[in-house]
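Report on the structure
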Amino acid sequence: MSLFCLVHGAFQGAWCWDLLIPYLEAQGHKTVAMDLPIEDASASLSQFTDVVLQALPKADDDIVLVGHSMAGTVIPLVAEAHKVRQLVFIGALLPYPGTSTIDQFSHSFDADTLKSLNYEPKESSQLEQFNDEPDMFNAVSVGKDFTDEAVLREFFYHDCQPDVMRWALSKGRLQQSMAYIFEVNPLNSLPKVDCKYLVCTDDRIISPTWSRYAARKRLGVDAIELPGGHCPHLSCPAHLASVLTNDTY
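Residues numbered from 1 in each chain as written. Predicted model: local features only at pLDDT ≥ 70, side-chain atom pairs only at ≥ 80, totals over all residues. Heavy atoms only, no water.

**Some thoughts on the sheet that holds strand β4 (residues 86-90)**
Read from one edge of the open sheet, 6 strands run β2-β1-β3-β4-β5-β6, paired in parallel fashion. Edge strands, defined here as strands with exactly one partner in the open sheet, are β2 (30-33) and β6 (224-226). Shown here is a sheet whose adjacent strand axes are inclined to one another by a mean of 20 degrees, direction ignored. Seen against the sheet, helix α10 (residues 208-219) touches β4, β5 (194-200) and β6 and runs at an angle of roughly 170 degrees to β5. The sheet strands contacting helix α12 (residues 237-244) are β1 (3-7), β3 (63-68), β4, β5 and β6, and the helix crosses β5 at an angle near 155 degrees. (Pairing = 2+ DSSP bridges. Helix = DSSP H or I, 4+ residues; strand = E, 2+ residues; numbered from the N terminus. Axes fitted to C-alpha atoms, helices over the stretch in contact; angles between N-to-C directions. Contact = heavy atoms within 4.5 Å.)

**Description of unusual backbone geometry**
Backbone geometry at phenylalanine 11 places phi at a positive 70 degrees, although glycine is not the residue there. Of note, phenylalanine 11 is situated in the loop between β1 and α1 (21-26). In this structure, serine 69 takes a positive phi of about 55 degrees despite not being glycine. Here serine 69 lies in the loop between β3 and α3 (75-81). Judged by relative accessible area, serine 69 falls into the buried class, the value being 10%. (Buried < 20%, exposed > 50% of the residue type's maximum accessible area, 1.4 Å probe, protein only.)

**Details of the nonpolar core**
If you look at the biggest cluster of nonpolar residues, it comprises 85 residues, and the most contacted ones within it are Tyr157 and Tyr197. Residues in contact with tyrosine 157, not counting those within four places in the same chain, are Gln12, Trp15, Leu152, Met165, Ala168, Leu169, Cys231 and Leu234. (Core = buried A, V, L, I, M, F, W, Y, C linked by side-chain atoms within 4.5 Å.)

**Considering the packing of aromatic side chains**
Counted by the stated rule, this structure contains 9 aromatic pairs. With a centroid separation of 6.1 Å and an interplanar angle of 45 degrees, the aromatic rings of phenylalanine 11 and phenylalanine 146 are classed as tilted. One end of the pair, phenylalanine 11, is in the loop between β1 and α1; the other, phenylalanine 146, is in the loop between α6 (124-127) and α7 (149-155), and 135 residues separate them in sequence. Classification of phenylalanine 11 as buried rests on a relative accessible area of 15%. In this structure phenylalanine 146 comes out as buried when scored by relative accessible area, which is 16%. Their ring planes at 90 degrees and their centres at 6.3 Å tell us that phenylalanine 11 and phenylalanine 156 sit as a pair that is edge-to-face. Taken together, the residues phenylalanine 11 in the loop between β1 and α1 and phenylalanine 156 in the loop between α7 and α8 (162-171) connect sequence positions 145 residues apart. (Phe/Tyr/Trp six-rings, centres within 6.5 Å; stacked < 30°, edge-to-face > 60°.)

Purely geometric numbers; function is a separate question.
Structure follows, in structure tokens:
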């Protein structure tokens, strides 16, 4: 049986996997989850990676490393440092070696918006490969205040059961580290590891069109379609567990 290492996304924590874990463990799998130091504005991708590595047993080599959303920028760094069997990206950002996430989508914004983000654009020749890509983020989510509960209800938890939504809102964390947006990915190439990409078909944050494109272009796989919004680990944990444990995908 496998060890599923579950790495959360922005504004969340280890708690967000609590509904999924029983379904994985019922099948005999092991699980581990951790809190990334997202409240620390100075926390880097390297620090996020170290927290995950500290949670992993050194002897286990049947590890499925699962990253949600922001954690798509983290799990390839973990796989570079620790042997894993598979990487699974759930509605996740995908790093492009030598660039930051904002480098990848800067072409979507005008100069004033980029200036307000304190972003200094690179030379166009360095980023031209992204110009023809679909927009990474769903346009309706751009510029929203994700510290606002109403925004979280609409974009994170809109397809969750009411009791799950209330619980998730009560557990939310302040996202201060923006390393996943601004830090340049240090890898020369993505790890040569089996990958799955799960696209959430009603994702209101990460564009499903971009997810399908990036899964094929960067990982060389066809995205697996999951009905629902950005947080399937909260809205449909039983179905997510069945996809995670099905090796035929």
